[in-house]
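# A look at the structure
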Amino acid sequence: WSVSNVLLAAVLTATSGFALPQPPLLEAATSTPALAFELPEASQRQVDRYVIAIGFNEPDRPERSKLRFADDDAVRIFEVLAPGTRKAFLLTRLDEESQEIYASHLTPARPPRKSELMRVMEEIREDLQRPNARKESELFFFYAGNGDEEDGVGYVHLADGRFRRPDLEQVV
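Just so you know, these numbers come straight off a predicted model, no measurement behind them.

Parameters and conventions
- Residues numbered from 1 in each chain as written.
- Predicted model: local features only at pLDDT ≥ 70, side-chain atom pairs only at ≥ 80, totals over all residues.
- Heavy atoms only, no water.
- Helix = DSSP H or I, 4+ residues; strand = E, 2+ residues; numbered from the N terminus.
- Buried < 20%, exposed > 50% of the residue type's maximum accessible area, 1.4 Å probe, protein only.
- Contact = heavy atoms within 4.5 Å.
- Areas by Shrake-Rupley, 256 points an atom, 1.4 Å probe, with all protein chains shown as cover.
- Phe/Tyr/Trp six-rings, centres within 6.5 Å; stacked < 30°, edge-to-face > 60°.
- Lys NZ or Arg CZ within 6 Å of the ring centre and 35° of its normal.
- Polar contact = N/O pair within 3.5 Å; in protein donor to acceptor, adjacent residues only side chain to side chain.
- Pairing = 2+ DSSP bridges.
- Axes fitted to C-alpha atoms, helices over the stretch in contact; angles between N-to-C directions.
- Right-handed = clockwise from strand over helix to strand, strands pointing away.

This part takes up the overall build of the protein. Per the secondary structure count, the protein includes six helices and eight strands. A burial count over the protein gives 40% of its 172 residues as buried. Sequence separation of 24 or more characterises 67% of the internal contacts of the protein that already satisfy a separation of 6 or more. A total accessible area of about 9,700 Å² is found for the protein, and carbon and sulfur atoms account for 51% of it.

Structure (structure tokens):
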């Protein structure tokens, strides 16, 4: 996790009606280097759970290198967390290698764009307004990619620009 991811998660907790859950119990899987997440069923707690997983390999500044696995990380998180959620969203642009690995069994991803993230947040907001919405909601937000801080405001880098706290406050 980068500072930007933690700041964005903290902003979600502090400025919205979303309650970020307590950290899930992590168990090291013995057969693979991946981690397994054990999350209580949302239906057991009467919670509407949402997932946004974003992976973007491109650098936000010329002096930074292109990342290789941000798209893969977002797909893996999406695959682990999406089952059992009310709605799950994957925003990434798979590189050629990742397309070969994931494209055949993956829900089509949306582009990793600020404009698309704003649409996703609006979809979630609208879903929370439905008549049968549960009283509690949780949003799992995952971002793999470049980010930083500028003028005291953290941001994450997306294909069409930076997603910053004021952007988040606009939709929550």
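The subject of this paragraph is the packing of aromatic side chains. All chains considered together, the criterion is met by zero aromatic pairs. Above the ring of Tyr155, the side-chain terminus of Arg162 is found at 4.1 Å from the ring centroid.

This paragraph deals with the side chain of Thr85. Mapped onto the elements, Thr85 comes out in the loop between α3 (70-81) and β4 (87-92). A relative accessible area of 16% means that Thr85 is categorised as buried. There is a polar contact of 2.7 Å between the side chain of Thr85 and the backbone oxygen of Ala82. When sequence neighbours within four positions are dropped, the list of residues in contact with Thr85 reads Arg49 and Val51.

This part covers the sheet that holds strand β6 (residues 147-150). With antiparallel pairing, the three strands of this open sheet are ordered in space as β6-β7-β8. Two strands close off the open sheet at either side, each with one partner strand: β6 and β8 (161-164). Neighbour-to-neighbour, the strand axes of the sheet open up by a mean angle of 40°, direction not taken into account. Examined bridge by bridge, strand β7 (residues 153-158) and β8 share four bridges and lie antiparallel to one another. Bridge assignment links Tyr155 to a residue of β8, and that residue is Arg164. Strands in contact with helix α5 (residues 114-128) are β7 and β8; relative to β8, the strand with the most contacts, it is inclined by about 35°.

The subject of this paragraph is the pairing of strand β3 (residues 47-55). Counting buried residues along β3, nine of its nine residues qualify, which places the element largely inside the surrounding structure. Residues Val47, Arg49, Val51, Ala53 and Gly55 line one face of β3 and the alternating positions Asp48, Tyr50, Ile52 and Ile54 line the opposite face, and both faces are buried. Here six bridges tie β3 to β4, and the two strands are oriented parallel to one another. Counted as the bridge partner of Ile52 is Phe89 from β4. Viewed along the sheet, the connection from β3 through α3 into β4 turns out right-handed.

Honestly, that's just the spatial picture; any functional story needs more than this.
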